[in-house]
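Chain and residue survey
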Amino acid sequence: MDKQTALHLYRVMRTIRRFEQRSTTLFGENKIWGTIHSYAGEEAIAAGVCEHLRDDDWITSTHRGHGHCIAKRAELGKMFAELLGRETGYCRGRGGSMHIADTSKGNLGANGIVGGGIPIATGAALTAKQLGTDQVAVSFFGDGAANQGTFHESLNIAAIWKLPVIYVCENNQYAESFPAKKAFAIEDISVRAAGYGMPGVRVDGRDVAAVYAAASEAIARARKGGGPTLLVCESYRHEGHYYGDPRKYQTKEEIEGWKTAFDPLLDARGWIVRDGLGTEAELDAIDRAVDDEMERAVAWAEAGPPASPLKFPEDIYASY
Amino acid sequence: MAEKSNVQAVHDTLRDEFRRDDRVIILGEDVGVRGGVFRVTDGFIEEFGPDRVIDMPLAESAIVGVAIGAAIAGLVPIAEMQFADFSAPAFEQIVDEAARIRYRSNGQWNVPIVIRMPWGAGVHGALYHSQSLEAFYAHVPGLKVVVPSTPKDITGMLRSAIRDPDPVIFLEHKATYRAVKGDVPDGDFTIPLGPADVKRDGTDITVYAYGLMLHRCLEAAETLGREGISVDVVDVRSLRPLDSETILREARKTGKCLIVYEDNRLFGAGAEICAMIAEEAFDSLDAPVMRLAGPESPATPFNKIQEDAFLPNADNIATKMRELAAY
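Residues numbered from 1 in each chain as written. Chains lettered and ligands numbered in written order. Predicted model: local features only at pLDDT ≥ 70, side-chain atom pairs only at ≥ 80, totals over all residues. Heavy atoms only, no water.

Points about the interface of chain A and chain B
Buried accessible area, meaning the area lost when the parts come together, often serves as the stated size of an interface. Contact with chain A, which involves 42 residues of that partner, is made by 42 residues of chain B. Carbon and sulfur atoms supply 64% of the area buried between chain A and chain B, which totals about 3300 Å² over both sides. Where chain A packs against chain B, one counts 0 salt bridges. At the boundary of chain A and chain B, one finds 18 residue pairs in polar contact (both at pLDDT 80 or more). (Contact = heavy atoms within 4.5 Å. Buried area = accessible area lost by both parts, 1.4 Å probe. Salt bridge = Lys/Arg side-chain N within 4 Å of Asp/Glu carboxyl O. Polar contact = N/O pair within 3.5 Å; in protein donor to acceptor, adjacent residues only side chain to side chain.)

So, the nonpolar core
Burial of nonpolar side chains together is a common tendency in soluble globular proteins. Among the nonpolar cores identified, the biggest contains 93 residues, and L230 of chain A together with L27, I94, Y208 and I277 of chain B are the most heavily contacted of them. Tallying contributions element by element places helix α3 (residues 60-72) of chain B first for this core, with 9 residues. The residues touching I94 of chain B, leaving out its near neighbours within four places in the chain, are V64, S87, A99, I115, M117, Y137, L143 and I169 of chain B. (Core = buried A, V, L, I, M, F, W, Y, C linked by side-chain atoms within 4.5 Å. Buried < 20%, exposed > 50% of the residue type's maximum accessible area, 1.4 Å probe, protein only. Helix = DSSP H or I, 4+ residues; strand = E, 2+ residues; numbered from the N terminus.)

A look at the domain arrangement of chain B
All names here are of chain B. Looking at the assigned domains, one finds that chain B contains domain 1 (2-184) and domain 2 (197-326). A straight line from the C-alpha centre of domain 1 to that of domain 2 covers 26 Å. The partner domain 2 presents 25 residues to the 32 residues of domain 1 that form the contact. Taking both sides of the interface into account, the surface hidden between domain 1 and domain 2 amounts to around 2200 Å²; carbon and sulfur atoms contribute 58%. Joining domain 1 to domain 2, the criterion identifies 2 salt bridges. (Domains from an automatic or database assignment.)

Here's the deal with α3 of chain B
For an α-helix the count is 3.6 residues per turn, leaving residues at separations of three or four pointing the same way. Residue and element names in this part refer to chain B. Look at α3: 19 Å from first C-alpha to last across 13 residues, which is about the 18 Å you get at 1.5 Å a residue. Of all 13 residues that make up α3, 13 are buried, and the element is covered over most of its length. Where α3 ends, the next residue or the one after it, G74, has phi of about 130°, a positive value. (Expected span 1.5 Å × (residues − 1).)

Here's what the structure looks like:
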């Protein structure tokens, strides 16, 4: 990996981490209503995959979607504004954390329905194939979604039609509170790919270089007409299912153990310095730049006007 | 002008739209080589090829979901639910996804899909091939739900549905597919999705219906006409949008209203029409708004004796009309 790519991947991951930290603070200040689902701990997946995507490539995301939005180059200010329920947010404050879509970057949307985006990404890939473009679609989803019917239906269809789509399963070990080891009779979810007739790849979702390499191969294959891939990234979420989750289904030892052992940012810092791709000072400078960018984004979002008064029908039909 | 059956009207209109716009595709079970179980896409795969006439695995959720993604990305997909009953597994994609994408993308993305569904009883389809699902979908802002019942309306409204930038549930009553015939004007005319249509002008009572029940109401209205009672019949061919202007105008004209639908009565589409009239035209009413609908059964029974009794027919519709006229 070259220096520029390594530092960019680190910067994207650091941006996601900082975004989650700032969101949590804003939530604690009662400025964000509802709930938020932190992507902290899973940053390497969105960063490593989206590094290969163009603005005209498609993604579908999840309820834990901040990382995918950021890696697909969303504007931080508009994201915060959405979380804060401002008129200046991506969806004018209608969607909040779980429903950010970014039409300018091919982000078909975070989604509050587990597995809801999988067939939609598959459909976008169908259009890319039929129109003869070299666009690809990436569907991000968790281990929980891998047990939804849409997963099965979509992977089968993508395989029989050889669609340019990559299914990225982020196994963060829990479907809400339900552990993956109880929800699956298999230990490696990627073996399911064989049942559909597509390559299945399992990578360490902590290692952004590994994700980057695996995604590179899968995306290049899809662009060249080689069909879909199931890419399973083993991961762990540092926070609960949502901010404030009492996490009764986990022990303190487990949480602390994983947090220290499973940190894609610390991991990246380690190999970037070791391999001579960047110095501690350079990485610290990135941290500071990200922190500054984040504060500007929060300030911009907080200065934005509140959502406009409720008005129906609006953006429901072209004409009615 | 040409005389066609309802199913011929669906077939011809789809074929013409496929010829007009090569972005139009259809995804469904048995739509390709088989030509559709009702022969709606007969000859399509030969003329338009397997990339546009797509035989799908039996996976309704993916049929709709793939259509949604393909539509946002630039195609104009028609998703066929082989029977309306089969749309239950696709409910999430229709209601949570298709209906909301314009709203949740600030009006920047839209989902130009048509979901066609043969619906309704009267063909001995029993519990999983006979149901009325219009009320489920008509409840959802973000969807349009239309129920044309004549070859001309099917032609004009299917053209509008395919050219509409938003998701349209297009309901085709299967018992009328071959039983109902009528003239279809030549040329590329369209009928907007929304306006109801007065199919029979009358002065004593107003009856609202759609689908198979429209034709049974027209038949009953003929009988009443011979008895000297003038029946006004409104074809509520669009449930969402629902044409309050025509519905209320016709209610005020006679002051006596009956809604006939084959779906079970509670929470059916007829309840909404009834409420609209009660709220908006109360001062013009000379009788309580009446409804004649299907029984409170979870599904349509198979055997002919019970299915016939299940559906309102021209005889018991006529009886209800007389009751209303005499009120």
